[in-house]
Amino acid sequence: MTPELKGTAQLTTAMMLSGTLGVFVVESGAPPFDVVFFRVLFGALALGGYVTARGWLRDHGFTPRTLGLAVLGGVFIVFNWVLLFQSYRNTSISVATVVYHTQPFYVVLLGALLFRERLTAAKAGWIAVAFAGLILVSGVTPGDFAGGGSYLTGIGQALAAALLYGLSTLVTKRITGVRPHLIALVQVLVGIPLLLPFADFGAMSGTGWGWGWLAGLGLIHTGVMYVLMYAAYAKLPTSKIAVLAFVYPAVAMVMDWAVYGHHIGLVQALGVPLIVTASLKVTLARPRVSAPAPRTAAHAPEAASRPATPVASEA
């Protein structure tokens, strides 16, 4: 098997796992803050065990500046998860996931706003197309604005989650000389003390089998999934990564239909290809991000030149 074929299999598997995340969140039965708290707790154990076994803690490459950036990115990522999981409850896994997939456009817009990165007319046009698709997918009507309600709140939560993800991506892009696994480990470790004041442990007393779903979010969707993604990123061109990223929302929509009977309507479905096409156009137009891992004789090129924040995934 060639490296690119192996990377394709790894990233496809990772995106398929990501597509099942919504079911794990809902089936756990826990409040969103509790879900994220135990995700980062179990995720830190999984990622910590992996990087320790690989011996990467000894030569981590962090400086005070890059460690601070990783911590800041972790704050954005953790609250991004909280908002996304709340959105699942107020809308549906399908709608929240597609709305959340506007992440690449926020990265471009925030880069232009905060760091004066060039925003071409073509990119601006495709972003406009994407948000036209977003309006269709959301299914929001004028009555929703007049009456408020949880559905409109859920759409806003998914958009806010995508915004926080974009901020985390921009911060993480500025970290160099550190393996993405270590950056991700810092990000989940940050979530433990950050979410501890918000966690309602009393609500966990009757969780029962829900603990298995929560452990899966940490061990599978944070440990196994991240390791697969970072291994794949080192083997694949940006174009293939951008295309395979859409396995995630596709699987999420199938799972939402298969498990809960939820599906988007015909008019909503018309917005999906608009978002997908615009996302590919914007993503592939961006220059390749360079965030190389430390290079020593003992280091393989695995996971070099890729950001720690997963590309177009739930993170």
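Everything numeric here is computed off the predicted structure, so don't read it as measured data.

Cut-offs applied
- Residues numbered from 1 in each chain as written.
- Predicted model: local features only at pLDDT ≥ 70, side-chain atom pairs only at ≥ 80, totals over all residues.
- Heavy atoms only, no water.
- Patch = residues over 30% accessible without salt bridge, like charges linked within 9 Å, V, L, I, M, F, W, Y side chains within 5 Å.
- Areas by Shrake-Rupley, 256 points an atom, 1.4 Å probe, with all protein chains shown as cover.
- Salt bridge = Lys/Arg side-chain N within 4 Å of Asp/Glu carboxyl O.
- Helix = DSSP H or I, 4+ residues; strand = E, 2+ residues; numbered from the N terminus.
- pLDDT = per-residue confidence, 0-100.
- Contact = heavy atoms within 4.5 Å.
- Axes fitted to C-alpha atoms, helices over the stretch in contact; angles between N-to-C directions.
- Parallel < 35°, antiparallel > 145°, perpendicular 65-115°, else oblique.
- Nonpolar A, V, L, I, M, F, W, Y, C, P; charged D, E, K, R; others polar.
- Buried < 20%, exposed > 50% of the residue type's maximum accessible area, 1.4 Å probe, protein only.
- Phe/Tyr/Trp six-rings, centres within 6.5 Å; stacked < 30°, edge-to-face > 60°.
- Lys NZ or Arg CZ within 6 Å of the ring centre and 35° of its normal.
- Core = buried A, V, L, I, M, F, W, Y, C linked by side-chain atoms within 4.5 Å.
- Polar contact = N/O pair within 3.5 Å; in protein donor to acceptor, adjacent residues only side chain to side chain.
- Expected span 1.5 Å × (residues − 1).
- Arc of directions from axis to C-beta.

Asker: Before we go on, may I ask you to explain a nonpolar patch on the surface in this structure?
Answerer: Together, Leu113, Leu114 and Phe115 make up an exposed nonpolar region whose accessible area comes to about 320 Å². Secondary-structure assignment places Phe115 in helix H6 (residues 103-115).

Asker: Looking at this model, I keep getting lost on the confidence of the model for the chain. Mind explaining?
Answerer: Low-confidence regions, as indicated by low pLDDT, have predicted coordinates that should not be scrutinised in detail. Overall, the predicted model of the chain reaches an average pLDDT of 86, with 87% of residues at or above 70. Residue range residues 288-306 is modelled with pLDDT below 50. Its contacts to residues more than four positions away, or to other chains, number 51 contacts.

Asker: Before we go on, may I ask you to explain the packing of helix H2 (residues 21-28) against helix H13 (residues 247-260) in this structure?
Answerer: Any two packed helices are characterised by the angle at which their axes cross and by the distance between the axes. Axis separation between H2 and H13 bottoms out at 9 Å; the angle between their running directions is 40°. If you check the angle between H2 and H13, you find them oblique. Packed against H2, whose contacting residues are Val23, Val26 and Glu27, the element H13 presents Met255, Val259 and Tyr260 at the interface. Split by residue class, the contact of H2 with H13 holds five nonpolar, no polar and one charged.

Asker: Sorry, what's going on with the pattern of salt bridges here?
Answerer: A side chain of one charge can pair with a side chain of the opposite charge when the charged atoms of the two come close. For the coordinates displayed, the defined rule picks out three salt bridges. Linking Glu4 and Lys240 is a salt bridge whose minimum nitrogen-to-oxygen distance equals 3.0 Å. With Glu4 in helix H1 (residues 3-19) and Lys240 in helix H12 (residues 238-244), this pair connects stretches of sequence that are 236 residues apart. With relative accessibility at 35%, the residue Glu4 sits in the partly exposed group. The partner of Glu117 in a salt bridge is Arg174, with the nearest N and O atoms 3.3 Å apart. Placement of the pair is Glu117 in the loop between H6 and helix H7 (121-138) and Arg174 in the loop between helix H9 (150-172) and helix H10 (180-195), with a sequence separation of 57 residues. Judged by relative accessible area, Glu117 falls into the partly exposed class, the value being 30%. Salt bridges linked by common partners bring Glu117, Lys173 and Arg174 together as one network.

Asker: Would you mind showing me how to read the packing of aromatic side chains here?
Answerer: In this description, an aromatic ring pair is defined by two values, namely the gap between the centres and the angle between the planes. Tallying each qualifying case throughout the model produces 15 aromatic pairs. When the ring of Tyr226 is compared with that of Tyr230, the centres are 5.8 Å apart and the planes differ by 65°; the resulting orientation is edge-to-face. One end of the pair is Tyr226 and the other is Tyr230, both in helix H11 (residues 210-233) and four residues apart, which spans about a single turn. Members of the aromatic cluster, joined through ring pairs, are Phe37, Phe38, Phe42, Phe201 and Trp211. Its end group placed over the ring of Phe115, Arg174 keeps NZ or CZ at 3.7 Å from the ring centre. Above the face of the Trp56 ring, Arg179 is positioned so that its terminal group lies 4.4 Å from the ring centre.

Asker: Is there a simple way to explain the nonpolar core in this structure?
Answerer: Among soluble globular proteins, nonpolar side chains are generally buried collectively. Ranked by internal contacts, the top residues of the largest apolar core, which has 67 residues, are Leu11, Phe85 and Tyr88. With ten residues, the top contributor of residues to this core is helix H4 (residues 64-90). When near neighbours in sequence (up to four residues on either side) are disregarded, Phe85 contacts Leu21, Val25, Pro32, Val35, Val36 and Arg39.

Asker: Honestly, the side chain of Ser94 in this entry has me stumped. Any pointers?
Answerer: Relative to the assigned elements, Ser94 resides in helix H5 (residues 93-100). A distance of 2.9 Å separates a polar atom in the side chain of Ser94 from a polar atom in the side chain of Asp256. Beyond its immediate sequence surroundings of up to four residues, Ser94 is in contact with Ala252, Met253, Asp256, His262 and Ile264.

Asker: Just checking my understanding: could you explain helix H14 (residues 266-285) for this structure?
Answerer: Two residues of an α-helix separated by three or four positions point the same way, owing to the 3.6 residues in each turn. Here H14 is 20 residues long and its end C-alpha atoms lie 30 Å apart, about the 28 Å a rise of 1.5 Å per residue gives. Taken together, the buried positions of H14 are Gln268, Gly271, Val272, Ile275, Ala278, Ser279, Val282 and Thr283. Looking down the long axis of H14, one finds its buried residues gathered within 155° of arc, a one-sided arrangement. Of the surrounding secondary structure, the elements contacted by the buried residues of H14 are H5, H6, H7, H9 and H12.

Asker: When you look at the environment of Gly265 in this model, what are you seeing that I'm missing?
Answerer: Here Gly265 shows up in the loop between H13 and H14. Look at Gly265 and you get partly exposed, because its relative accessible area is 28%.

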